[in-house]
Amino acid sequence: MSFSKKITLSVLAILSVMGISHANNGYDLWLKYRKIEDPGILTGYTKHIRAVYMEEGNETLDAAREELSVGLGSLLGTAVPYVNSQSGDHSLVIGKIRNLDRDIRKHLNGDVSKIKKDGFLITTCQNRTVITAHKDIGILYGVFRFLRQLQMHKSLEEIHILEVPETDVRVLNHWDNLDGTVERGYAGASIWKWQKLPDYIDRRYEDYARANASVGINGAVLTNVNASAWVLSPSYIEKVAALAKVFRPYGIKVYLAARFSAPIEIGGLPTADPLNPEVQQWWRDKANEIYGKIPDFGGFLVKANSEGQPGPQDYGRSHAEGANMLADALAPHNGIVMWRAFVYSEHDTSDRAKQAYSEFVPQDGKFRDNVLIQVKNGAIDFQPREPFHPMFGAMPETPLMMEFQITQEYLGFSTHLVFLPKLYEEVLKADTYRHGKGSLVAKVIDGTLDRKPITGMAGVANIGSDINWTGHPLAQANWYGFGRLAWDPYLGAEQIADEWLRLTFSNKSDFVQPMKAVLLKSHDAAVNYMTPLGLHHIMATGHHYGPGPWVDNLSRPEWNPVYYHKAATRGIGFDRTPSGSNATSQYAKEVAAMFNDPETCPEEYLLWFHHLPWDYKLQSGKTLWEGLGIKYQEGVDWVRDTQATWNKMKPYVNEQQFQEVSMLLNIQLKEAKWWRDACMLYFRTFSKREFPEEMEKPSRTLAYYRSLKFPYAPGIKPQPD
Ligand code: GCW
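Source: prediction; values computed, not measured.

Asks: What exactly am I supposed to notice about the confidence of the model for the protein here?
Replies: In low-pLDDT regions, the fine details of the predicted coordinates are not to be read closely. With 96% of its residues at a pLDDT of 70 or more, the protein has an overall mean of 95. Counting contacts from residues 1-22, a segment whose pLDDT is below 50, to residues more than four positions away or on other chains yields 20 contacts.

Shown next as structure tokens:
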């Protein structure tokens, strides 16, 4: 560890012991380690942690030790002495299994074989608490888990926690551009200071790595999938290597988005054809060059032949041929390719929801072993709510990664409170029926359904240079929750909400209970005030800020919201049953049958799969038209109720964050009403019915909502008229 790092962390430790909290602005995320005030709980802990024995020897163990010192010092309000012996009563003993004393090892017997991969065990052993693992990174994960136990005021009596990550590649995708902007980023500029790298190391890089490691994230794709080839040039590889060095102790590998045409753009070749030997050689050389500087480089993420990005199809080659060429270049170094399945073509007139499946499923089994196909959550595009992607039930021979969007492109930017683990849980627990009932998407992701050799989950990051990282203070929960689910796709959103609220704000049940209810309802509420009953992609185009169901003038049909809702005098919705686009045929027959019948199709997907008359009767007995208005209203009402709840939370959060969330909720209310009013006014031009009585009446005209323009909305290059 560098001298300066030691100094910084020791100062932090001293400040923590003195009970001085250094940030009220959210910068410390869920790693605040607030001093425990309850004397009973404190005594319980000090009884178990009179001294610490900790294995030393490398940077990862150093990081674990520093985290523990800062954490314990701050939580307990006193520094715990480190000792050289593992035999002290009431001590905390931390070390890799093979380095533990024989009597402890003997005691662990049955558990040892269960601590697989990067897993860890925290257990009680003859008056000692032991944190152990096979690998150094397991020790770090174990220390974070142990500190979480204390942060949440949970008992250490007879503690026994054995955790093993369920997926291998737990990776954030940054859509960060080399010019410092972030595509679909709503929390400020990119945190990567390319201009100053490799010589200047921003303090944030390490805090970023720490935060990721604390939830088990082990990789970062640094750059946008709409890629610049320049990041593969020698000077950028130096910069990337500097970041990799900071991340390494925390078990975070770096990956880069690879532009398929890079051999042309920075290699001077006339082609990027994956079957061309010179192209293949170029990529092999590039891989060798990268690994020469970054021996643990993770690999490439590729968006190919999608939304104008170059790819193998430019040369008449398949996705498999393109992915395999890169995979062959990376294989000697144990690198992987994450090849995205987000494709839809302007030349394909079939339902956009069907296209990825149509292109990729026939290639099942044709990809190299070190290729993962990264499948977006949703066959359309990260919509507020989508049925699970049919590819998850259809590629038994190919590792499939989940790609969730953490940044809130379609869910209110970083202005709206939307707790995304609820959405993720809904998708992961969806049943593909691939091998009959119980064939959950989570089992595809962790590779147990069809025995996949490599598994993973990706999240498009919501991180930027805002002081609190994520713009909305409560959007930190989405970063946290993604990491937890990548580690364990079976976790419940409720547990994640509970953990995050306690770690970040308070353990008091008068705070945790009401706020948990708020978080858990928030996703449904946002869907209600944006796209209820299965509506989708009706946001304004380009920046995707606010409603735009009327947009019908873009060059590609599937870029227009009218393509998706198909509102007409007869009714509304996209018929994806056999009488329509037949997209349901891409699901297992049980699932298809459920979706095909409007009576059995879950109402939240109704208009996703069906075009129905305005007077169609919903389960509530209301007509579809009334039901729409009621749902929009419920969404708005939820924001009002949440404001009332939040006002009662003042005692539990600091003033700055209290005010920030209050102001953001005001905006959320304004925008929820905007969505309701604009959409209902527009749909009424087709339904020609009165608004339902449950719905507040719009205060403005449709013409007003249609006139709104936002050329400088964040997350996209400005597009002034
Ligand atoms: O949802 C769309 C976004 C694009 C994004 C694309 C993708 C990176 O609007 O900004 O491009 O998806 O996932 O490739």
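Asks: Quick question: what am I supposed to make of the pattern of salt bridges here?
Replies: Oppositely charged side chains can form a pair if their charged atoms are brought close together. Here the structure, examined in full by the defined rule, presents 43 salt bridges. With a closest N to O distance of 3.4 Å, Arg 65 and Glu 56 form a salt bridge. Accessibility expressed as a relative area gives 22% for Arg 65, which makes it partly exposed. Close ionic contact of Asp 498 with Arg 502 constitutes a salt bridge, the shortest N to O distance being 3.0 Å. With Asp 498 and Arg 502 both in helix H15 (residues 493-504) and four residues apart, the pair spans about one turn of that helix. For the residue pair Asp 498 and Arg 502, the accessibility class agrees, reading buried in each case.

Asks: So what exactly am I meant to see when it comes to the side chain of Gln 405 here?
Replies: Along the polypeptide, Gln 405 turns up in strand S13 (residues 400-405). A distance of 2.8 Å separates a polar atom in the side chain of Gln 405 from a polar atom in the side chain of Glu 409. Residues in contact with Gln 405, not counting those within four places in the same chain, are Trp 175, Phe 382, Tyr 410, Leu 420, Tyr 424 and Val 460.

Asks: Is there a simple way to explain the packing of helix H16 (residues 509-530) against helix H20 (residues 624-647) in this structure?
Replies: Packed helices, taken two at a time, are described by the angle between their axes plus the distance between the axes. Packing of H16 against H20 leaves a shortest axis separation of 8 Å and a crossing angle of 150°. By the angle between their axes, H16 is roughly antiparallel relative to H20. Like other packed secondary-structure pairs, H16 and H20 cross with a definite hand, here left-handed. Two secondary-structure elements touch here, H16 through Pro 514, Met 515, Val 518, Lys 521, Ser 522, Ala 525, Asn 528, Tyr 529 and Met 530 and H20 through Lys 631, Tyr 632, Glu 634, Gly 635, Val 636, Trp 638, Val 639, Thr 642, Thr 645 and Trp 646. Looking at the contact of H16 with H20, its residues break down into eleven nonpolar, five polar and three charged.

Asks: Please clarify how the domain arrangement of the protein should be interpreted in this entry.
Replies: Note on interface size: it is often stated as the accessible area lost on association of the parts. The assigned domain composition of the protein is domain 1 (3-163), domain 2 (169-504) and domain 3 (527-574 + 611-707). Inter-centroid distance (C-alpha atoms) of domain 1 to domain 2 is 32 Å. Between domain 1 and domain 2, the contact holds 25 residues from the first and 31 residues from the second. Roughly 2700 Å² of surface becomes buried between domain 1 and domain 2 when both sides are summed, with 56% attributable to carbon and sulfur atoms. Applying the counting rule to domain 1 against domain 2 returns two salt bridges.

Asks: Quick question: what am I supposed to make of the packing of aromatic side chains here?
Replies: Two aromatic rings, taken as a pair, are described by how far apart their centres are and by the angle between their planes. This structure, assessed with the given rule, holds 43 aromatic pairs. Consider the rings of Trp 192 and Tyr 208, whose centres lie 5.2 Å apart with planes at 90°: the pair is edge-to-face. Taken together, the positions of Trp 192 in the loop between strand S7 (169-173) and helix H6 (203-215) and Tyr 208 in helix H6 put the pair 16 residues apart, joining distant regions of the chain. The residues Trp 192 and Tyr 208 share a single accessibility class, namely buried. Relative to Tyr 705, the ring of Tyr 704 lies with its centre 5.2 Å away and its plane at 70°, an arrangement referred to as edge-to-face. For Tyr 705, a relative accessible area of 6% corresponds to the buried category. Through a chain of ring-to-ring contacts, three or more aromatic side chains come together here, namely Tyr 27, Trp 30, Trp 192, Tyr 205, Tyr 208, Phe 247, Trp 469, Trp 479 and Tyr 480. Geometry around Phe 574 places Arg 576 over its ring, the cationic atom sitting 3.7 Å from the centre.

Asks: Sorry, what's going on with the site of the ligand here?
Replies: Around the ligand sit 15 residues, and of these Glu 183, Lys 303, Arg 340, Asp 381 and Glu 409 come closest. Take Arg 184: an N or O atom from its side chain is 2.8 Å from an oxygen atom of the ligand. For the ligand, whose free accessible area comes to 340 Å², the fraction covered by protein is 97%.

Asks: Looking at this structure, how should I read empty space enclosed by the protein?
Replies: Any empty space left between the atoms is revealed when a probe the size of a water molecule rolls over them. Tallied over the full model, the rule gives ten cavities of 30 Å³ or more. Counted as a void, the largest cavity has a volume near 90 Å³. Going through the elements one at a time, S13 and helix H12 (421-428) are the ones with two or more residues in the lining of the largest cavity.

Asks: Just to check I follow, could you spell out the pairing of strand S10 (residues 299-302) for this structure?
Replies: Residues in a regular strand project their side chains so that they alternate between the two faces of the sheet. For strand S9 (residues 253-257) and S10, the ladder comprises three bridges, and the chain directions are parallel. Looking at S10, one finds that Tyr 255 is bridged to Gly 299. Across four bridges, S10 lies against strand S11 (residues 336-340) in parallel orientation. What sits directly across from Phe 300, in S11, is Val 337. Between the parallel elements S10 and S11, the chain passes through helix H10 (residues 319-330) in a crossover that is right-handed.

Asks: What's the story with the sheet that holds S10 in this structure? I'm lost.
Replies: Adjacent strands of a sheet pair through backbone hydrogen bonds, lying either parallel or antiparallel. An order of S7-S8-S9-S10-S11-S12-S13-S14 is seen for the eight strands of this closed barrel, with the pairing classed as parallel. Sheet twist, expressed as the mean angle between neighbouring strand axes with direction ignored, is 25°. Note: S7 against strand S8 (residues 219-221), three bridges, orientation parallel. Considered in S8, the bridge of Val 171 is made with Gly 219.

Asks: Sorry, what's going on with the sheet that holds strand S3 (residues 91-96) here?
Replies: Strand order in the open sheet made by the six strands is S2-S1-S3-S5-S4-S6, with mixed pairing throughout. Of all the strands in the sheet, just strand S2 (82-83) and strand S6 (160-163) have a single pairing partner and so form its edges. Where strand S4 (residues 120-125) lies against S6, four bridges are found, and the strand directions are antiparallel. Directly across from Thr 123, in S6, lies its bridge partner His 160. In the packing of helix H5 (residues 136-151) onto the sheet, the strands contacted are strand S1 (51-54), S3, S4, strand S5 (128-133) and S6, and the crossing angle to S5 comes to about 140°.

Asks: Help me out: how do you make sense of unusual backbone geometry in this one?
Replies: Among all residues except glycine, the phi angle is most often negative; among peptide bonds, the trans geometry is most common. For the bond running from Leu 197 to Pro 198, omega is 5°, close enough to zero to count as cis. Counting through the fold element by element, Pro 198 comes out in the loop between S7 and H6. Non-glycine residue Tyr 33 carries a positive phi angle of around 50°. Overall, the relative accessible area of 2% leaves Tyr 33 in the buried class. Of note, the phi angle at His 544 is positive, near 65°, even though the residue is not glycine.

Asks: Before we go on, may I ask you to explain the nonpolar core in this structure?
Replies: What tends to happen in soluble globular proteins is that the nonpolar side chains get buried as a cluster. Formed by 233 residues in total, the largest nonpolar core has its most connected members in Leu 72, Phe 247, Trp 283, Trp 339 and Phe 683. Per element, the largest residue contribution to this core is 13 residues, and it comes from helix H21 (residues 655-687). Ignoring anything within four residues of it in the chain, the contact list for Phe 247 reads Trp 192, Tyr 205, Tyr 208, Ala 209, Leu 222, Ile 252 and Val 254. Core analysis: the second largest hydrophobic core is formed by ten residues, Val 93, Ile 97, Leu 108 and Leu 121 among them.

Asks: I keep staring at the environment of Pro 387 and nothing clicks. Help me out?
Replies: For Pro 387, the position within the fold is in the loop between strand S12 (371-376) and S13. Taking the relative accessible area as the measure of exposure, Pro 387 reaches 3% and is therefore buried. Separated by 165 residues in the primary sequence, Pro 387 and Asp 552 place their C-alpha atoms 25 Å from one another. The residues touching Pro 387, leaving out its near neighbours within four places in the chain, are Gly 378, Tyr 587, Phe 595, Tyr 605, Trp 608 and Phe 609.

Thresholds applied
- Residues numbered from 1 in each chain as written.
- Predicted model: local features only at pLDDT ≥ 70, side-chain atom pairs only at ≥ 80, totals over all residues.
- Heavy atoms only, no water.
- pLDDT = per-residue confidence, 0-100.
- Contact = heavy atoms within 4.5 Å.
- Salt bridge = Lys/Arg side-chain N within 4 Å of Asp/Glu carboxyl O.
- Buried < 20%, exposed > 50% of the residue type's maximum accessible area, 1.4 Å probe, protein only.
- Helix = DSSP H or I, 4+ residues; strand = E, 2+ residues; numbered from the N terminus.
- Polar contact = N/O pair within 3.5 Å; in protein donor to acceptor, adjacent residues only side chain to side chain.
- Axes fitted to C-alpha atoms, helices over the stretch in contact; angles between N-to-C directions.
- Parallel < 35°, antiparallel > 145°, perpendicular 65-115°, else oblique.
- Left-handed = near helix turned anticlockwise from the far one by under 90°.
- Nonpolar A, V, L, I, M, F, W, Y, C, P; charged D, E, K, R; others polar.
- Domains from an automatic or database assignment.
- Buried area = accessible area lost by both parts, 1.4 Å probe.
- Phe/Tyr/Trp six-rings, centres within 6.5 Å; stacked < 30°, edge-to-face > 60°.
- Lys NZ or Arg CZ within 6 Å of the ring centre and 35° of its normal.
- Near = heavy atom within 4 Å.
- Areas by Shrake-Rupley, 256 points an atom, 1.4 Å probe, with all protein chains shown as cover.
- 1 Å grid on protein atoms, 1.4 Å probe; cavity = no way out; pocket = protein on both sides within 12 Å on 5 of 7 lines; lining within 4 Å.
- Points joined across faces, edges and corners; volume = space filled by probe spheres on them.
- Pairing = 2+ DSSP bridges.
- Right-handed = clockwise from strand over helix to strand, strands pointing away.
- Core = buried A, V, L, I, M, F, W, Y, C linked by side-chain atoms within 4.5 Å.

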